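Below, each chain spelled out in residue letters.
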Amino acid sequence: MRVTQSSLYSSIINQLGSSTSKLMELNNQMASQKKIDRPSDDPVGASRILYLRDSLGALGQYRENVDTAKGWLTLADETLLQVNNVLTRFKELAEQAATGTLTDKDREIVSYEARQLFDQMINLANTTYEGKSIFAGHKVDSNAYEKGMMVYAQDGNVEPYLQEISGYSDHSILVQFVGASNSQATVGTDNINYRFSRDGGKTWSSNKTITAAGPYELDLDGVTVKLREGYQVDLSPETNLDTSKGTWLYVTSTAIYNGDDETQAAVKFGSTGSPENFNAVLKGAFDKDVRVEIVSGDLSIPTDVTYRYSYDGGTTWIPGDTTTFTAASTTVGQTIIDLPDGQVVLNGTGDASGVTFDVLTNSIAVQQRVNGGEINAYAQGEIDSDIMVRIDYGLDSGGNKVETSFVLGDTTTVSSVVYSYSTDGGRSWTQGTTANTAEADLLIPGGHLYLSAKGTQDQIKAGDQFVVHPKTASLDVEISPSDTIQINEIGWEIFGGHNQYGVKPAFADTEPGKNLFVTLGKFVAAMENNDQDTIAQSLENIETARQHISNRLARVGARENRLDVVDTVLSGLQVNKTERLSKLEDVDVAEVMTDLSQQQFVYEAILKSSAMIMRMSLVKYI
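A brief report on the enclosed structure follows. (Residues numbered from 1 in each chain as written. Predicted model: local features only at pLDDT ≥ 70, side-chain atom pairs only at ≥ 80, totals over all residues. Heavy atoms only, no water.)

**Comments concerning the overall build of the chain**
A tally of helices and strands in the chain yields seven helices and 35 strands. Counting the 622 residues in the chain, one finds 46% classified as buried. Across the chain, contacts joining residues at least 24 apart in sequence account for 70% of those joining residues at least 6 apart. Of the roughly 29,700 Å² of accessible surface on the chain, a fraction of 48% belongs to carbon and sulfur atoms. (Helix = DSSP H or I, 4+ residues; strand = E, 2+ residues; numbered from the N terminus. Buried < 20%, exposed > 50% of the residue type's maximum accessible area, 1.4 Å probe, protein only. Contact = heavy atoms within 4.5 Å. Areas by Shrake-Rupley, 256 points an atom, 1.4 Å probe, with all protein chains shown as cover.)

**Focus on helix H5 (residues 516–528)**
In this model, H5 (13 residues) spans 18 Å end to end at C-alpha, consistent with the 18 Å of a helix rising 1.5 Å per residue. Counting buried positions along H5 gives twelve out of 13 residues, so the element sits mostly inside the fold. Buried within H5 we find Leu516, Phe517, Val518, Thr519, Leu520, Gly521, Phe523, Val524, Ala525, Ala526, Met527 and Glu528. Where H5 ends, the next residue or the one after it, asparagine 530, has phi of about 55 degrees, a positive value. (Expected span 1.5 Å × (residues − 1).)

**With respect to the nonpolar core**
Grouped together as the largest cluster of nonpolar side chains are 63 residues, with contacts concentrated most on Leu87, Phe90, Met121, Phe495, Leu516, Phe517 and Phe523. Broken down by secondary-structure element, the contributors of at least two residues to this core are helix H2 (43–98), helix H3 (104–125), strand S12 (248–257), strand S33 (476–480), helix H4 (491–494), H5 and helix H6 (532–585). Among the elements that take part in this core, H2 stands out by supplying 16 residues, more than any other. Beyond its immediate chain neighbours, meaning those up to four positions away, phenylalanine 517 contacts Phe118, Met121, Ile122, Ala125, Tyr145, Ser253, Thr254, Ala255, Phe495 and Gly497. (Core = buried A, V, L, I, M, F, W, Y, C linked by side-chain atoms within 4.5 Å.)

**Thoughts on the sheet that holds strand S13 (residues 265–269)**
Taken in spatial order, the five strands make up an open sheet running S13-S21-S15-S16-S17, and their pairing is antiparallel. Of all strands in the sheet, those with a lone pairing partner are S13 and strand S17 (325–326), marking the two edges. Bridge count for strand S15 (residues 290–296) against strand S21 (residues 356–361) is four bridges, and the pairing is antiparallel. For valine 290, the partnering residue across the bridge sits in S21 and is valine 359. (Pairing = 2+ DSSP bridges.)

**Remarks on the pattern of salt bridges**
Scanning the entire structure with this criterion turns up 27 salt bridges. Here aspartate 509 makes a salt bridge to lysine 504, at a shortest N to O gap of 2.8 Å. (Salt bridge = Lys/Arg side-chain N within 4 Å of Asp/Glu carboxyl O.)

**Focus: the sheet that holds strand S4 (residues 162–167)**
Taken together, three strands build an open sheet; the order of strands is S4-S10-S9 and the sheet is antiparallel. This sheet does not close on itself; its edge strands, each paired only once, are S4 and strand S9 (217–219). Averaged over neighbouring strand pairs, the angle between their axes works out to 15 degrees when direction is ignored. Here S4 runs beside strand S10 (residues 223–227); their pairing, made up of five bridges, is antiparallel. (Axes fitted to C-alpha atoms, helices over the stretch in contact; angles between N-to-C directions.)

**Focus: the packing of aromatic side chains**
For any two aromatic rings, the description comes down to two numbers: the centre-to-centre distance and the angle of the planes. Under the definition given, this model contains 18 aromatic pairs. Between tyrosine 309 and tyrosine 311, the aromatic rings sit 5.7 Å apart at their centres with planes inclined by 80 degrees, giving edge-to-face as the arrangement. By relative accessible area, which is 29% here, tyrosine 311 ends up partly exposed. Pairwise contacts between aromatic rings join Phe118, Phe135, Tyr145, Tyr257, Trp492, Phe495 and Phe517 into one cluster. Stacked on the ring of tryptophan 204, the Lys or Arg arginine 195 has its end atom at 4.0 Å from the ring centre. (Phe/Tyr/Trp six-rings, centres within 6.5 Å; stacked < 30°, edge-to-face > 60°. Lys NZ or Arg CZ within 6 Å of the ring centre and 35° of its normal.)

**As for the pairing of S12**
Of all ten residues that make up S12, ten are buried, and the element is covered over most of its length. By the bridge criterion, nine bridges tie strand S3 (residues 145–153) to S12 in an arrangement that is antiparallel. Residue pairing for S12: methionine 149 is matched across the bridge by serine 253. Sheet topology places strand S5 (residues 173–178) next to S12; four bridges connect them, and they run antiparallel. Looking across to S12, one finds that isoleucine 173 is bridged to valine 251. Across two bridges, the pairing between S12 and strand S35 (residues 498–499) is parallel. Bridged to tyrosine 257 within S35 is asparagine 499.

**So, the environment of phenylalanine 177**
Within the secondary structure layout, phenylalanine 177 lies in strand S5. As a C-alpha pair, phenylalanine 177 and arginine 195 span 18 residues in sequence and 6.7 Å in three-dimensional space.

**As for the packing of H3 against H5**
Axis separation between H3 and H5 bottoms out at 8 Å; the angle between their running directions is 160 degrees. By the angle between their directions, the pair H3 and H5 is classed as roughly antiparallel. Crossing of H3 against H5: the hand is left-handed. Across from Arg107, Glu108, Val110, Ser111, Ala114, Arg115, Phe118, Met121, Ile122 and Ala125 in H3, the residues of H5 making contact are Leu516, Phe517, Leu520, Gly521, Phe523, Val524, Met527 and Glu528. Taken together, the residues of the contact of H3 with H5 break down into twelve nonpolar, two polar and four charged. (Parallel < 35°, antiparallel > 145°, perpendicular 65-115°, else oblique. Left-handed = near helix turned anticlockwise from the far one by under 90°. Nonpolar A, V, L, I, M, F, W, Y, C, P; charged D, E, K, R; others polar.)

Structural data, given as structure tokens:
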């Protein structure tokens, strides 16, 4: 076979190029210690490497989240342990003070420590992690609690007639309503004399007067207590120092909760009056249903708005069938209605007389985006994220579409309504869901959306939208692709206290002793006023508070243990995926070094043989 110089050159150049390329490839692998430098090196392997790197990145982020969660929960654990220690010391002081061997002077001395411990408890409730309050819900940038004052009476509940407390005192205040024995007086009807003491009854202020014309305020030199019209008190003479006779008020320390809470409530208007002209916004922590009736008032003009409320659906009313409260603040277009649990801000114009509405607890207020007036809309259920609901059209009895306005509950025109819902802000919709208009009960993920007539406004139509926005105070972080964990604690559920918009404390209708700040505030007042009966009662309540804190500690500890398990699992997954990535991506250094040496030998051999071949000539054989 004849071999030309041209083919000889081409063959040599190809062999050198191939050998050089292989040598450079091995050299690059040795330098980077990676098998695949470019996707073209191994497309399938590169794809798997990218997937594993992405998975490792996610696992790394989850482990960072776990570390953050551990920081929050460990601090909460340590804080609640300190809270438990402080409560133990409170119990020791209560046991000392409850004995009859201590004099009033001894109890006064013990009260100094009790008040310092109370202040320390507020500091513990305001604990922060990296500048974020761990007990304030989502309001992490501000303290969960601030110092405040509360009022309680020896002869009963003052909450319905207590409108507001302002100011602060570093000592409890004892208030006596002064008058003839066995006589009574009513705020707003009679002139009522009172006096107060800041040293447990040793010294008293001069008598002051609440006039029948108002304002209905107790002026306690730095602290103001506003009472409502209709509050009835039993009078006693100045010579009487027995707090079991007459009406006595104790004004003492508490803590005001400024953070978020998990309580949910919505407003449903009745059909009386003209409710379609008004809407309501809730502020506070409502824990039971309440019905409110506007007795009289026109929001179109600056006038008094009077109201009453009921906890049994209107069977009995507070303050009574023939008396009413006056709204705390009324301006044109808005009035603020004070209730023990919080406030209802009533907005709108026109005569509100006769309007009734129910505050429904365990319900979620719904934002309405409708073409025209509003209807009653609220949601219930275990709903933990925003849900948008859109009315698509109605269906008559023949199955024909009705896209014009139709009346809620009018099954003669529209037998059912077809709607869609979205859980991702409207980017995608679940369509074709049907509900009966007679009930207006729309099934949504986790619960129900209820629609009903609001006065004369009882129509909906295609395109109307509703947004269910559940209230949540928990801060959750992802610890796996499909799992989250709550890292914060909600102070309202742990320490209790009073809400900034209401005068009724947390746990008032369940276990009052669980309200740590109310229990300790009453104990401090009892110590400062030498009230042995309340001191004895405080012993039981402090123990209830300790058990409550122990339960919360157990919940925190359970989440800490869960995080340890999750961290172990994530660590194992990281090791596994790292090993898989290494097998795909990393070179065997010893193997590459051997291959590199062999390829270098091949390259040199090709150079040497090529040189020899290229030097061959017929002249050498002549």
